[in-house]
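Observations on the three-dimensional arrangement
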Amino acid sequence: MLCTPVPVHHAPRSGLLDSSPASVAPQAQGCAPQAWQERLETLLSSGVGAGADLVEIFLERNDELSLLAEQDRVTSVNPSIGRGAGIRVFKGQRDGFVSTNDLSDRGLMAALEQALAMLGLGRSTQPSGWQGLAGLDDHGRGKEHWLQSCPAAQDIADRLLRGTAAVERHGQHLQAYRASYSRDVQQVLVAASDGTYGHDIRLHQSLGLNLLAADGDHRTSVARRYGRSDDPAFLAEWDEETSALDLCESGRRMLHADFVEAGTYPVVLANRFGGVIFHEACGHLLETTQLERGTTPFAGKLGQLIAHPSLTAIDEGLSANSFGSLSMDDEGMPPQRTTLIQDGVLQCFLSDRAGEMRTGHPRTGSGRRQSHAFAAASRMRNTFIAAGPHSIAEVMGSIDNGLYCKRMGGGSVGPTGQFNFSVEEAYLIEDGALREDKPVKGATLIGDAVSVMPKISMCASDMELASGFCGSVSGSIYVTVGQPHIKVDSITVGGR
C-alpha cells in the first residue's frame, strides 16, 4: 500500500524570455534577442578589430528540474536555473575559448579579452570596419509557453508514484524499484562575426523506470528509459501501466535465466536502443573531432568500403520530437540529413566550425555542446542504421545457433572503436527460431568497429529510434540512436 507523499513545494515559475526593460542590469536579463543585439555587435566588432578571423558568442539560460521516486515515496527533487556565455575566437586553425557567468558588459569584455589573449591578440580601440549581424533567425517564436506548460513538481511526483505502484503490483521478487523524471528548458542565442545570428528555445523531458529483483542466488536488474523533445504534454501521455508491465515481464524472464556460454557466434541485435553500439563504436569515429585527434581508423577512407554493402547509416537533426533534433545547432547552423555510410561506402564525416577549418570537411549542422561552459564540437544528433529489405523472421531464420540481444545495457568504448557492451535481456536462437523459452543473462558483446562493421550482413525493415545521452569533449548532450533488427555474422560474446 502506498503512503501519502509529502507535498512537494516549489517556487512559482517564470518564463525564460525576460521582457525586462533595458534599464535593468544586463546580467539580470534573459536571452531575449532584442535586449542583446547591440551588446553582441560591440563584442564581435572588438574581436574582429583585434585581428581575429572569427568571433562566436553563445548565450544560454536554462531551467531544469529532476525528481526521483523510490518505492512509495519521492526521495529527491532538484530544481536548477543557470545562465552564462561562451566566447570563442578563431585565428587560422587555432582557437581560444572562455566561458563566464558574468553577463555584464565588463564581464563579457573581460572574457573576450582572455580568449583573444590565448591567440596572442590584444583588444584594439580602432574601428574594425565590421558590418554587423545579419537578420535574426528566430526559432524561438511560438515556444515561449513551453516552460509554463510543463507539469509542476507535485504533478510529476504523483505520476512517478503511480509508476512505482504499478511496478509493485506487477513485479515479482522485488528488492528495489524506482521511477525518475527530468526536464530541461534551454534558451540559446548564437551570434558570430560571419553574420550568424540565431535564437531558439529547446525542451527535453525523460522518464526512467527500473527494478532490482532477487530470489535466493538469482538476481537481475532491468530498466526502461523514455524521452521526447519539444512536447510539454510528454508526461501526461505516459502510460505507466504499460511501461510497468513491460519492465516486470523482462524482470520475470531474466531472474532465473541461465548464464550465456562465452564464445564467438552470430547475433541479432534488436531495433531501437540496439543502435547504441553503432553510435558508440562507429559514430564517434566519424566526427571531425576524431580526425583532428588522429584517433579514427576511418581517416582517408572517404569513398571506400568500410562496412557490409547491406548497411546504410544516417545522422540527422530533423525527426520530430527526437532527442537529437534541432532547429539550429549550437553554432547557429540549420540541421540537415547527413548520409554517413551508403551501401557500406563511407560518404561523409560530421563536422562543426572548427572541424571545417582544420580538416576541410564541410559543416553538417553538428556543432553541439552541453552548455555555455563548453566549446562546440562535432557531435551526433539522431544517428541510426537505415531500414533494410528483410523481415525479422528472415534475419532470425538465417542463424542456426546464435544469440538474440533484445535489450542492451551499459558499456565502454576505446578511442579507436574497441567496445564491450553488456546485454540486459537475451535469448538463444536455435535452428533459425527465436527461443523465448531459453532466456540467458550475463552476455557481453566485445569487438571493434573496423572488424564488426563488415559483418552486419542483414537489416530488417523495422527501424525505430530511442532517446539517450552522449558524453564527449563538449559535455553531455541529448541524442537519439536507432536501427532495425540487424544480424552480425560473428562477434565475441563474453559469458561463463
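This structure is a prediction, so every number in the text was calculated from the model and none was measured.

Criteria and thresholds
Residues numbered from 1 in each chain as written. Predicted model: local features only at pLDDT ≥ 70, side-chain atom pairs only at ≥ 80, totals over all residues. Heavy atoms only, no water. Helix = DSSP H or I, 4+ residues; strand = E, 2+ residues; numbered from the N terminus. Rg over C-alpha atoms; globule rule 2.2 N^0.38 Å. Buried < 20%, exposed > 50% of the residue type's maximum accessible area, 1.4 Å probe, protein only. Contact = heavy atoms within 4.5 Å. Areas by Shrake-Rupley, 256 points an atom, 1.4 Å probe, with all protein chains shown as cover. Lys, Arg positive; Asp, Glu negative; His and termini not counted. Charge placed at Lys NZ, Arg CZ, Asp CG, Glu CD. Salt bridge = Lys/Arg side-chain N within 4 Å of Asp/Glu carboxyl O. Pairing = 2+ DSSP bridges. Phe/Tyr/Trp six-rings, centres within 6.5 Å; stacked < 30°, edge-to-face > 60°. Lys NZ or Arg CZ within 6 Å of the ring centre and 35° of its normal.

**Overview of the overall build of the chain**
A tally of regular secondary structure across the chain gives 10 helices and 23 strands. Relative to its length of 496 residues, the chain is compact, with a C-alpha radius of gyration of 25 Å against a globular reference of 23 Å. Considering only C-alpha atoms, the chain reaches an extent of 80 × 60 × 35 Å along its principal axes. The proportion of buried residues among the 496 residues of the chain is 53%. In the chain, the proportion of contacts linking residues at least 24 apart, taken out of those at least 6 apart, comes to 74%. Accessible surface computed for the chain: about 20,000 Å², of which carbon and sulfur atoms make up 49%. Charge separation in the chain, taken as the distance between the mean sites of 43 positive and 58 negative side-chain charges, equals 3 Å.

**Comments concerning the pattern of salt bridges**
In this structure the tally under the stated criterion is 33 salt bridges. Across the salt bridge formed by Asp63 and Arg183, the nearest N and O atoms sit 2.7 Å from each other. With Asp63 in strand β1 (residues 54–70) and Arg183 in strand β5 (residues 174–192), the pair connects residues that are 120 residues apart, well separated along the chain. Note on accessibility: Asp63 and Arg183 belong to one class, buried. Here Arg169 makes a salt bridge to Glu241, at a shortest N to O gap of 2.6 Å. Of the two residues, Arg169 is situated in helix α4 (residues 153–170) and Glu241 in helix α5 (residues 240–255); the sequence distance between them amounts to 72 residues. According to the relative accessible area criterion, Glu241 is partly exposed, its value standing at 28%. Several salt bridges converge on common partners, so that one network encompasses Arg224, Asp246, Lys406, Arg407, Glu424 and Glu425.

**A word on the environment of Ala69**
Tracing the backbone through its elements, the reader meets Ala69 in strand β1. With a relative accessible area of 0%, Ala69 lands in the buried category. Sequence spacing of Ala69 and Thr164 is 95 residues, and the spatial spacing of their C-alpha atoms is 7.4 Å. When neighbours within four sequence positions are excluded, Ala69 is seen to be in contact with Val74, Thr75, Leu160, Leu161, Thr164, Tyr177, Arg178 and Ala179.

**A word on the sheet that holds strand β11 (residues 337–342)**
Across the sheet, which stays open at both edges, the six strands sit in the order β12-β11-β10-β15-β22-β21 with mixed pairing between neighbours. Two strands bound the open sheet, and with one partner strand each, they are β12 (345–346) and β21 (464–472). Of the pairings in the sheet, the one linking strand β15 (residues 382–385) to strand β22 (residues 475–483) comprises three bridges and is parallel in character. Counted as the bridge partner of Asn382 is Thr480 from β22.

**So, the packing of aromatic side chains**
All chains considered together, the criterion is met by four aromatic pairs. Relative to Phe469, the ring of Phe323 has its centre 5.8 Å away and its plane inclined at 70°; by these criteria the two rings are edge-to-face. Highlighted residues: Phe323 in the loop between β10 (313–316) and β11 and Phe469 in strand β21, separated in sequence by 146 residues. For Phe469, a relative accessible area of 43% gives the class partly exposed. Relative to Tyr478, the ring of Phe323 has its centre 5.1 Å away and its plane inclined at 80°; by these criteria the two rings are edge-to-face. Remark: Tyr478 occurs in strand β22 and Phe323 occurs in the loop between β10 and β11; sequence separation between them is 155 residues. The pair formed by Phe323 and Tyr478 is uniform in burial state, with each residue classed as buried. Through a chain of ring-to-ring contacts, three or more aromatic side chains come together here, namely Phe323, Phe469 and Tyr478. Lying over the aromatic face of Phe259, Arg496 brings its terminal NZ or CZ to 3.6 Å of the ring centre.

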